[in-house]
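So you can see what is in the structure, the chains are spelled out below.
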Amino acid sequence: MKKTKLGWASSPVARWLAMSALGLTLAACASGVLMGDLPSDPPPQLAMLGAKDAKGHEYMTWENPGSFGKVPADRKSAGDITCMKLAMNLRAQGYHPRALNVRGQPFPGGAYYCQLALEAVVGQKPPQVVLNDGKLVWNDPGAFGAIDEADLGKAQAACKQQNPKFIPLGYHPQPLDVNGRTIAGGAFLCVE
């Protein structure tokens, strides 16, 4: 995954995984999947369930979901953004570096296991802009919440100003700038 100015961009494969994972996440919540601290064998693999949603997308699930391990700290931001692209209340709860797609091939860079956030996200410790590898990024994109419908135009304009390819994904009312000061008026999480 490549870093963007204030977010993360997913590869086309990661986006496909993210779009496929919503059904997986809902199934996982119902079954209460337990994961270890570290990824284990056999690696998890996506499997078709043989049914489609109203938009014609295939429902999928993970085989061997217990093989996911905890999301490493250096992958948490990218994982949360991948899950948030599915739904704003999803966060990365598992990661496996050798997870397999439906054809049995490894996902480049691994895959995330998304679950519903159990607590209110906004209101916890606010996200902060930090310098990472010479780029300004949010330290905790998972702290962003949904964008109010009335602010969507404002959000789109703010993201396009940063990069024409960016789209708004989330909003936080009191994020912190790189110096630890509150950003007046809040900020949007922009991703590619």
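Residues numbered from 1 in each chain as written. Predicted model: local features only at pLDDT ≥ 70, side-chain atom pairs only at ≥ 80, totals over all residues. Heavy atoms only, no water.

1. A closer look at the packing of aromatic side chains
And then number 1: With the rule as written, the count across this model stands at 6 aromatic pairs.
And then number 2: Centroid distance Phe 68 to Tyr 113: 5.2 Å. Interplanar angle 55°. Geometry classified as tilted. Here Phe 68, found in the loop between strand 4 (58-63) and helix 2 (76-84), pairs with Tyr 113, found in strand 6 (residues 111-116); they are 45 residues apart in sequence, far enough to count as distant. Accessibility assignment for this pair places Phe 68 and Tyr 113 in one class, buried. (Phe/Tyr/Trp six-rings, centres within 6.5 Å; stacked < 30°, edge-to-face > 60°. Helix = DSSP H or I, 4+ residues; strand = E, 2+ residues; numbered from the N terminus. Buried < 20%, exposed > 50% of the residue type's maximum accessible area, 1.4 Å probe, protein only.)

2. A short note on the pattern of salt bridges
And then number 1: Applying the stated criterion across every chain, the model contains 4 salt bridges.
And then number 2: One salt bridge connects Lys 70 with Asp 37, and the closest N-O pair in it is separated by 3.0 Å. Remark: Asp 37 occurs in the loop between helix 1 (12-31) and strand 3 (45-52) and Lys 70 occurs in the loop between strand 4 and helix 2; sequence separation between them is 33 residues. Here the two residues Lys 70 and Asp 37 agree in accessibility, since each one is exposed.
And then number 3: Of the charged contacts in the structure, one is a salt bridge between Lys 76 and Asp 80, with a shortest N-O distance of 2.9 Å. Pair noted here: Lys 76 and Asp 80 are both in helix 2, with a separation of 4 residues, about one helical turn.
And then number 4: Classification of Asp 80 as buried rests on a relative accessible area of 3%. (Salt bridge = Lys/Arg side-chain N within 4 Å of Asp/Glu carboxyl O.)

3. Section: the confidence of the model for the protein
Caution is warranted with low-pLDDT regions, since their predicted coordinates should not be read in detail.
And then number 1: On average, residues of the protein score 84 in pLDDT, and 80% of them are at 70 or above.
And then number 2: Note that pLDDT drops below 50 for residues 1-31; the model gives that stretch 84 contacts with residues more than four away or on any other chain. (pLDDT = per-residue confidence, 0-100. Contact = heavy atoms within 4.5 Å.)

4. Section: a nonpolar patch on the surface
And then number 1: On the surface, a nonpolar cluster with roughly 270 Å² of combined accessible area is contributed by Leu 131, Leu 136 and Val 178.
And then number 2: As for its placement among the helices and strands, Val 178 is situated in the loop between strand 9 (167-172) and strand 10 (187-191).
And then number 3: According to the relative accessible area criterion, Val 178 is partly exposed, its value standing at 44%. (Patch = residues over 30% accessible without salt bridge, like charges linked within 9 Å, V, L, I, M, F, W, Y side chains within 5 Å. Areas by Shrake-Rupley, 256 points an atom, 1.4 Å probe, with all protein chains shown as cover.)

5. Let's talk about the pairing of strand 3
Here is the key point about a regular strand: its side chains alternate between the two faces of the sheet.
And then number 1: Bridging between strand 3 and strand 4 involves 5 bridges; their strand directions are antiparallel. Within strand 4, the residue paired with Ala 47 across the bridge is Thr 61.
And then number 2: Between the antiparallel neighbours strand 3 and strand 4 lie 5 residues, among them Gly 56 with a positive phi of about 90°. (Pairing = 2+ DSSP bridges.)

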